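Report on the structure
So you can see what is in the structure, the chains are spelled out below.
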Amino acid sequence: MLDRRNFLKLAAALSTAFGISNLPAPVQAALKKINPATLPKIIYLQGMSCTGCSISLLQANAPSPAALITEYSQLAFHADLSATSGKQSLNLINAFISGKAGEYILALEGSIPDQMPEACVIGDKPLAKYLEEAARTMTAAVAVGTCACDGGIPAAEGNPTGAIGLREFYKRRNIDKLVVNIRGCSVHPDWVWHTIVHLVKVGLPELTDGGSPKLFYAKKVHEQCPRYHDFQQEIFARNLGEKGCLFKLGCLGPDTYADCPTRWWNSGQNWCVDANAPCIGCASPNFARQKRIPFYRLAEAATQKI
Ligand code: SF4
Ligand code: SF4
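On a predicted model such as this, the values are computed, not experimentally measured, just so you know.

**Section: the overall build of the chain**
Counting secondary structure elements, the chain contains 13 helices and 9 strands. At a minimum sequence separation of 6, the contacts of the chain that also span at least 24 residues come to 73%. Total accessible area on the chain stands at roughly 14,300 Å², and carbon and sulfur atoms take up 54% of it.

The structure is reproduced here in structure tokens:
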């Protein structure tokens, strides 16, 4: 008979093996109906980011990244993936941001240096100016990754740039615009692609209080974790690499909302806790904000909230 841990492993492996069936039902239906003439156009800008989220997006599986940006959407601009560069890129970005190129979704990766606009410039204009203008023309925005949602690592205590996420950026300017937060450092490709297709073809997915789709962020990592039984039985790992609940090694699964235990990463190969590494709370709004809470810490600090 399968125990809970092995059952969850088997379920995740099966859903990955079947590829598209891993998508939420409304998204599956939408993908089948997509008409190439009405593909959603995406402008993907980067603020203060390490490009890790872009790299993660390229790990998409079933549909592949190439299909996602050609058959299921039109990636009109991305600094790393677009064939255009220099003036041509700027003209393209400006055509969309000014509203002349039609409807589009803005995807932003990375945080915004609100107290140091010159720290993030595209062409000769601060990113902040593009974002202010885009609020008047875009259909909606998707904040890709914890940095774009909440500031993330660039907003760590002591940073001089005043790094913030997109929602806060608009709030400070009294701009009321839909921003869907896809947290994670880096993001899971499913979380982003499925949200974009849902937005365009199905409508706004139901959001959590933190502005993230409930499809992926409704439950805590802890309550879906295959080691939850160990937690209840107080079977704790004392060293990295050991079996047992990782709470005493600082696991932040109890404070983090994400579906990693059932979705898994790298096309269903594994995820943090099954790799014997504590959840470091990368999908939490408070990720990496406080110096006193490092990613990995000793047992006595484990009960601190992030
Ligand atoms: S504390 Fe971490 S390892 Fe333990 S059950 Fe919760 S999420 Fe899993
Ligand atoms: S388990 Fe935690 S640290 Fe790992 S990817 Fe998910 S939210 Fe991030």
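**Some words on the packing of aromatic side chains**
One pass over the full model with this rule turns up 9 aromatic pairs. Taken together, a centroid distance of 6.4 Å and an interplanar angle of 40° make the contact between F236 and F247 tilted. Placement of the pair is F236 in the loop between helix 12 (228-233) and helix 13 (260-263) and F247 in the loop between helix 12 and helix 13, with a sequence separation of 11 residues. For the pair F236 and F247, a shared accessibility class is recorded, and that class is buried.

**Brief notes about a nonpolar patch on the surface**
Together, I153, L240, F295 and Y296 make up an exposed nonpolar region whose accessible area comes to about 400 Å². With respect to the element layout, F295 can be found in the segment after helix 13.

**Topic: helix 6 (residues 127-137)**
Turning to helix 6, its buried residues number three or more, namely L127, A128, Y130, L131, A134 and A135. The arc that holds every buried residue of helix 6, seen down its axis, measures 155°, which confines them to one face.

**Some words on the site of ligand 2**
Around ligand 2 sit T256, C260, W265, W271, C272, C279, I280, G281, C282 and A283, and that is every residue in its neighbourhood. Grouping the amino acids of the shell around ligand 2 by side-chain chemistry returns 8 nonpolar, 2 polar and no charged.

**Let's talk about the pattern of salt bridges**
Applying the stated criterion across every chain yields a total of 10 salt bridges. Salt-bridge contacts for E206 lead to K214; the nearest nitrogen and oxygen are separated by 3.1 Å. A relative accessible area of 57% places E206 in the exposed class. Overall, the relative accessible area of 37% leaves K214 in the partly exposed class. A cluster of three or more residues bridged by salt bridges with shared partners is formed by D114, K129, E132, E168, R172 and R173.

**Describing unusual backbone geometry**
Here C185 and S186 are connected by a cis peptide whose omega angle stands at 5°. The backbone of N174 shows a phi angle near 55°, a positive value even though the residue is not glycine. Mapped onto the elements, N174 comes out in the loop between helix 8 (166-172) and strand 9 (179-182). The class for N174 is exposed, based on a relative accessible area of 75%. Despite not being glycine, S267 has its phi angle at roughly 55°, a positive value. With respect to the helices, strands and loops of the structure, S267 is situated in the segment after helix 13.

**Here's the deal with the sheet that holds strand 7 (residues 140-144)**
If you trace the 5 strands from one edge of the open sheet to the other, you get 2-1-3-7-9, paired in parallel fashion. Unpaired on one side and paired on the other, strand 2 (74-78) and strand 9 mark the two borders of the sheet. This sheet shows a mean twist of 20° between the axes of neighbouring strands, independent of strand direction. Across 5 bridges, the pairing between strand 3 (residues 105-109) and strand 7 is parallel. By the bridge assignment, A107 is partnered in strand 7 with V142.

**Quick notes on the side chain of S82**
Inspection of the secondary structure assignment puts S82 in the loop between strand 2 and helix 5 (86-97). On the basis of relative accessible area, S82 is assigned to the buried category, the value being 19%. At 2.7 Å, the side chain of S82 forms a polar contact with the backbone nitrogen of H78. Apart from the residues within four sequence positions on either side, S82 is in contact with A76 and F77.

**Some remarks on the site of ligand 1**
Around ligand 1, the neighbouring residues are H222, C225, R227, Y228, F231, C245, L246, F247, C251, G253, P254 and V273. When grouped by side-chain class, the residues that make up the shell around ligand 1 number 9 nonpolar, 2 polar and 1 charged.

**Describing the environment of V221**
Mapped onto the secondary structure, V221 falls in helix 11 (residues 221-224). On the accessibility criterion, V221 (3% relative accessible area) is buried. Between the alpha carbons of V221 and G253 there is a distance of 4.7 Å; along the sequence they are 32 residues apart. In contact with V221, not counting residues within four places along its chain, are G253, T256, A258, P261, W271 and C279.

**Here's the deal with the nonpolar core**
One finds V144, I182, V187, W191 and W271 to be the most contacted residues of the largest nonpolar core, which totals 37 residues. For this core, the secondary structure elements donating two or more residues are strand 1 (41-46), helix 3 (52-57), helix 4 (65-70), strand 3, strand 7, strand 9, helix 9 (189-202) and helix 10 (214-217). If one sorts the elements of this core by residue count, helix 9 sits on top with 5 residues. Residue contributions to this core reach at least three from each of two domains, namely domain 1 (1-22 + 219-306) and domain 2 (34-215). Within the second largest apolar cluster, 28 residues are counted, among which are F77, A143, C149 and F169.

Each value, and the rule that gives it
- Residues numbered from 1 in each chain as written.
- Chains lettered and ligands numbered in written order.
- Predicted model: local features only at pLDDT ≥ 70, side-chain atom pairs only at ≥ 80, totals over all residues.
- Heavy atoms only, no water.
- Helix = DSSP H or I, 4+ residues; strand = E, 2+ residues; numbered from the N terminus.
- Contact = heavy atoms within 4.5 Å.
- Areas by Shrake-Rupley, 256 points an atom, 1.4 Å probe, with all protein chains shown as cover.
- Phe/Tyr/Trp six-rings, centres within 6.5 Å; stacked < 30°, edge-to-face > 60°.
- Buried < 20%, exposed > 50% of the residue type's maximum accessible area, 1.4 Å probe, protein only.
- Patch = residues over 30% accessible without salt bridge, like charges linked within 9 Å, V, L, I, M, F, W, Y side chains within 5 Å.
- Salt bridge = Lys/Arg side-chain N within 4 Å of Asp/Glu carboxyl O.
- Arc of directions from axis to C-beta.
- Near = heavy atom within 4 Å.
- Nonpolar A, V, L, I, M, F, W, Y, C, P; charged D, E, K, R; others polar.
- Pairing = 2+ DSSP bridges.
- Axes fitted to C-alpha atoms, helices over the stretch in contact; angles between N-to-C directions.
- Polar contact = N/O pair within 3.5 Å; in protein donor to acceptor, adjacent residues only side chain to side chain.
- Core = buried A, V, L, I, M, F, W, Y, C linked by side-chain atoms within 4.5 Å.
- Domains from an automatic or database assignment.

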